[in-house]
Amino acid sequence: MYMVAQCLGAISGVALVKAFQKSFYKRYGGGANTLADGYSTGTGLAAEIIGTFVLVYTVFSATDPKRNARDSHVPVLAPLPIGFAVFMVHLATIPITGTGINPARSLGAAVIYNQDKAWDDQWIFWVGPFIGAAIAAFYHQFILRAGAAKALGSFRSNPSV
């Protein structure tokens, strides 16, 4: 239901932009994500996978409830690294795909703009973020957190420390 609500919200948001900012809407192609000329489908897919990985990994790391216990000497302001990650991903991927990293946002613009170019590679803006997010979740949960738990466990079980 959450994904459906996000998609409906994105469609509604783009419809409002089209209704109230028609000239900007037309000038910028409805905000629809498209693969830029000169880039291959593989490059676009890789950009979306890597961009989503960076964002999701940053969110997991910045909001990890166990992080405070491990790194209490470092104050964590989650919005700062997350916002910086979004900024960096946009700098890197806007020239390639227009930066999807959120399938609902890409879908909302494609539905309202409804031009062939917006639909041609729409799958990239779904497959890329799902793969990137899955890799980030796996990496965070099974590599980083497992390694941290193992290191903490060996530290606690060592009586000489």
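Residues numbered from 1 in each chain as written. Predicted model: local features only at pLDDT ≥ 70, side-chain atom pairs only at ≥ 80, totals over all residues. Heavy atoms only, no water.

Undergrad: Summarise the UniProt feature "transmembrane region" (unreviewed entry) in the protein chain; cite the residues concerned and give the values.
TA: Annotation from UniProt places "transmembrane region" (unreviewed entry) at residues 43–62, 74–96 and 123–144. In residues 43–62, helix accounts for 100% and strand for 0%; the two terminal C-alpha atoms are 28 Å from one another. (UniProt positions renumbered as here; feature names shortened; annotations may be inferred. Helix = DSSP H or I, 4+ residues; strand = E, 2+ residues; numbered from the N terminus.)

Undergrad: Tell me about a nonpolar patch on the surface, residues and numbers included.
TA: Together, F84, F87, M88 and L91 give the surface a local cluster of nonpolar side chains, amounting to about 420 Å² of exposed area. As for its placement among the helices and strands, M88 is situated in helix α5 (residues 79–97). (Patch = residues over 30% accessible without salt bridge, like charges linked within 9 Å, V, L, I, M, F, W, Y side chains within 5 Å. Areas by Shrake-Rupley, 256 points an atom, 1.4 Å probe, with all protein chains shown as cover. Salt bridge = Lys/Arg side-chain N within 4 Å of Asp/Glu carboxyl O.)

Undergrad: Outline α5, supporting the account with residue identities and numerical values.
TA: Of all the bends in α5, the greatest reaches close to 35° and is centred on L91; the proline P95 follows between one and four positions later. Along α5, the positions that sit buried rather than exposed are A85, V89, T93, I96 and T97. Positive phi shows up at G98, right after α5, with a value of about 80°. (Bend = angle between axes of the 7 residues up to and from the residue. Buried < 20%, exposed > 50% of the residue type's maximum accessible area, 1.4 Å probe, protein only.)

Undergrad: How would you explain the packing of helix α1 (residues 2–20) against helix α6 (residues 103–113) if you had to name every residue and give the values?
TA: With their axes 8 Å apart at the nearest point, α1 and α6 run at an angle of 45° to one another. Taken together, the axes of α1 and α6 lie oblique to each other. The handedness of the crossing between α1 and α6 comes out as right-handed. In contact with Q6, C7, A10, I11, V14, A15 and K18 of α1, α6 contributes A104, R105, L107, G108, A109, V111 and I112. Its residues assigned to classes, the contact of α1 with α6 comprises 10 nonpolar, two polar and two charged. (Axes fitted to C-alpha atoms, helices over the stretch in contact; angles between N-to-C directions. Parallel < 35°, antiparallel > 145°, perpendicular 65-115°, else oblique. Left-handed = near helix turned anticlockwise from the far one by under 90°. Contact = heavy atoms within 4.5 Å. Nonpolar A, V, L, I, M, F, W, Y, C, P; charged D, E, K, R; others polar.)

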